[in-house]
Amino acid sequence: MVIVDFGGCSSFVKDAEFKLWKEKALEAFDVLESEKGEGNDFLGWKTLPVDTPESLIADCEAVRDDWKGLGVDLAVVIGIGGSYLGARCAIEALSHQFVRPEGAIQVVFAGNNLSEEYLAELMDLVRERDAACVVISKSGTTTEPAVAFRVVKEYLEGKYGKAEAARRIVAITDEHKGALKTLSNQEGYRSFIVPDNVGGRFSVLTPVGLLPIVLAGFDVRAMLKGAADEREALLKKCECNPAVQYAAMRNLLYSVYGKKVEILVSYNPKFQYLGEWWKQLYGESEGKDGKGIFPASVNFTTDLHSMGQFIQDGDRVMFETVVKIEKSRREVVIGTDGQNLDQLNYLAGKRVEHCNAMAALGTKLAHIDGGVPQLEVSVEQIDEYNLGAIFYFFEFACGISAYVLGVNPFNQPGVEAYKKNMFALLRKPGYEAQTEEILKRI
């Protein structure tokens, strides 16, 4: 379960102010729960933890088992934005950082950029391994994943033939329409559905996230259980609701105190991609209509030696949300050295995680003294259950927070602007007029 601590904000805000904004957040809670607010046709994510059928998980496991039977040891997951960030967050958090377990399928990601070198190097790996592919796209025409899929598909068909390549390709797409759905039907790919009522950034508990996580060897039943238990806690309408409190505090700091940047902090590198997933969730949900808190992320203590100077002494436009892990699942004890040239013998017998905790506490005190409010979001440990809880907590709080801000949490009109310019510059059919206009500007 997720616990939120606002002690690091107490010297910056008044109790009466926090109470007022909790009341605003409770009103937004009602909007989210009544399902009468803007974007209410994209609320399917709310019940995923309790509505996901066992048959869906079994179908994901059937893909994994079939591919292992073929000898597959590498799965290329193709998608961008919400079509890969949740899965990558979970897999990065749960995996050993240096060793792939024997017999496990390694999951790598493509289609999330247009870097030629990235795709070429990914194909170097694919050629060395026994590969399969998961392609994720509602339409099948989103440029970045469509380019990557064309390259990977061509290779798989050339190496294995069309029939076996089709067995090695799974599509996660729209139930009824779109280019990828049409291709899937034509080629006989196994397919999973992206629900119409779940937006991409809220899709980690759909097949978009569940299938890659299963392929990587992790327990999605435990993840759904963690999300379901968190959901039960967050459905309680009260000021003590942690999602209500989080939404209230961040909007108070933004609206009253001008804190326009929220930095998500982790002291464990396994959570680097939690920051990437969270940035999309909040940036795309709240950054519109000239409003919104800018979401950033750092990994401490690493970034204390780079970004730490700005956070401590730079422009006072930010606050921090620290994701705290209460218990490490591994143990490393610092030993004694006879010469003590590194002057670390005072730490002999202490765990490395104790040093990490003291670094976190020292940083908290320093940043508060430097004018940076700090919230803490904590879970017991990094595992599937707690990841499910974290995912659901931030999603639910995001819906409340955006309604407090007065924006639709579930649309993203701004992301189309760059695409129109890109299509015009690439001379995509139908964009001829825009091409001429853009060429005059460059």
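A brief structural summary.

Cut-offs used in this document
Residues numbered from 1 in each chain as written. Predicted model: local features only at pLDDT ≥ 70, side-chain atom pairs only at ≥ 80, totals over all residues. Heavy atoms only, no water. Helix = DSSP H or I, 4+ residues; strand = E, 2+ residues; numbered from the N terminus. Rg over C-alpha atoms; globule rule 2.2 N^0.38 Å. Buried < 20%, exposed > 50% of the residue type's maximum accessible area, 1.4 Å probe, protein only. Contact = heavy atoms within 4.5 Å. Areas by Shrake-Rupley, 256 points an atom, 1.4 Å probe, with all protein chains shown as cover. Lys, Arg positive; Asp, Glu negative; His and termini not counted. Charge placed at Lys NZ, Arg CZ, Asp CG, Glu CD. Pairing = 2+ DSSP bridges. Axes fitted to C-alpha atoms, helices over the stretch in contact; angles between N-to-C directions. Core = buried A, V, L, I, M, F, W, Y, C linked by side-chain atoms within 4.5 Å. Salt bridge = Lys/Arg side-chain N within 4 Å of Asp/Glu carboxyl O. Parallel < 35°, antiparallel > 145°, perpendicular 65-115°, else oblique. Left-handed = near helix turned anticlockwise from the far one by under 90°. Expected span 1.5 Å × (residues − 1).

Scanning the protein for helices and strands turns up 16 helices and 10 strands. A compact globule built from 442 residues would reach a C-alpha radius of gyration of about 22 Å, and the protein, at 23 Å, matches this within 12%. Dimensions along the principal axes, computed over C-alpha positions, put the protein at roughly 65 × 60 × 50 Å. Burial status across the protein gives 51% buried among its 442 residues. For the protein, long-range pairs separated by at least 24 residues make up 80% of all intrachain contacts whose partners lie at least 6 apart in sequence. For the protein, the exposed area adds up to about 20300 Å²; of that, 52% sits on carbon and sulfur atoms. Each charge class in the protein was averaged separately, 49 positive and 62 negative side chains, and the resulting centres sit 2 Å apart.

Take the sheet that holds strand S3 (residues 106–110) next. Ordered in space as S3-S2-S4-S5-S6, the five strands form an open sheet in which the pairing is parallel. Across the chains shown, the open sheet's two edge strands, defined by having one partner strand only, are S3 and strand S6 (190–193). Across this sheet, the average inter-strand angle for adjacent strands is 20 degrees, counted without regard to direction. As defined by bridge partners, strand S2 (residues 74–78) adjoins strand S4 (residues 131–136) across five bridges and the pair is classed as parallel. Bridge pairing in S4 places Ile78 opposite Val135. Running at roughly 145 degrees to strand S5 (residues 169–173), helix H7 (residues 179–187) makes contact with S4, S5 and S6 of the sheet.

Okay, the sheet that holds strand S10 (residues 374–379) next. Strand order in the open sheet formed by five strands is S1-S10-S9-S7-S8, with mixed pairing between adjacent strands. At either end of the open sheet lies a strand with only one pairing partner, and these are strand S1 (3–8) and strand S8 (294–299). Within the sheet, the average angular offset between the axes of one strand and its neighbour, ignoring direction, is 25 degrees. By the bridge criterion, four bridges tie S1 to S10 in an arrangement that is antiparallel. If you follow Gly8 over to S10, its bridge partner there is Gln374. Contacts between helix H11 (residues 272–286) and the sheet are confined to strand S7 (261–266), S8 and strand S9 (318–325), with S8 contributing the most and set at about 175 degrees to the helix. Most of the contacts of helix H14 (residues 384–405) go to S10, to which it runs at about 140 degrees, and overall it touches S1, S7, S9 and S10.

Of all hydrophobic cores here, the largest spans 100 residues; its most connected members are Trp45, Trp67, Phe394 and Ile400. Residue contributions to this core peak at 15 residues, all from H14. Beyond its immediate chain neighbours, meaning those up to four positions away, Phe394 contacts Tyr246, Leu264, Trp277, Trp278, Leu281, Tyr282, Val323 and Val377. Formed by 25 residues, the second largest nonpolar core is a distinct cluster that contains Val126, Cys133, Tyr160 and Ala171.

Turning our eyes to something else, we now look at the environment of Glu92. Relative to the elements of secondary structure, Glu92 occurs in helix H4 (residues 85–94). Glu92 sits 91 residues away from Met1 along the chain, and the two C-alpha atoms are 20 Å apart. Setting aside residues up to four positions removed in sequence, Glu92 forms contacts with Lys270 and Tyr273.

A separate point is the side chain of His367. Looking at the secondary structure, you find His367 in helix H13 (residues 352–369). Apart from residues lying up to four places away in sequence, His367 is in contact with Phe300, Leu304, Ile311, Gln312, Glu320 and Val372.

Attention now goes to the pattern of salt bridges. As a working rule, side chains carrying opposite charge can pair if their charged atoms are close by. Per the stated rule, a full pass over the model turns up 29 salt bridges. Here Lys19 makes a salt bridge to Glu239, at a shortest N to O gap of 3.2 Å. A residue pair is termed long-range when its members are at least 10 positions apart, and Lys19 in helix H1 (residues 15–34) and Glu239 in the loop between helix H9 (220–234) and helix H10 (242–255) qualify at 220 residues. Under the relative-accessibility criterion, Glu239 is labelled partly exposed at 27%. The shortest N-O distance in the salt bridge between Lys364 and Glu376 comes to 3.4 Å.

What follows concerns the packing of helix H5 (residues 116–128) against helix H6 (residues 143–167). Taken N-terminus to C-terminus, the directions of H5 and H6 make an angle of 25 degrees; their axes are 11 Å apart at the nearest point. Accordingly, the angle class assigned to the pair H5 and H6 is roughly parallel. Where H5 crosses over H6, the handedness of that crossing is right-handed. Note on element contacts: H6 touches H5 through Val147, Ala148, Val151, Val152, Tyr155 and Lys159, opposite Leu119, Met123, Val126 and Arg127.

Here we come to H1. For H1, built from 20 residues, the straight-helix expectation of 28 Å at 1.5 Å per residue is met to within 8% by its first-to-last C-alpha distance of 28 Å. Among the residues of H1, Phe18, Trp21, Lys22, Ala25, Leu26, Ala28, Phe29 and Leu32 are the ones counted as buried. Tucked into the core, H1 has its buried residues touching S1, H9, H10 and H14. Where H1 ends, the next residue or the one after it, Glu35, has phi of about 60 degrees, a positive value.

With that settled, consider the packing of H4 against H14. Their axes nearest at 11 Å, the elements H4 and H14 cross at an angle of 145 degrees. The chirality of how H4 crosses H14 is right-handed. Of H14, the residues touching H4 (which contributes Gly86, Cys89, Ala90, Ala93 and Leu94) are Glu384, Leu387 and Phe391.

Looking now at the environment of Gly362. Checked against the element boundaries, Gly362 lands in helix H13. Using a relative accessible area of 37% as the deciding quantity, one classes Gly362 as partly exposed. A C-alpha to C-alpha distance of 51 Å links Gly362 and Arg168, two positions 194 residues apart in sequence.

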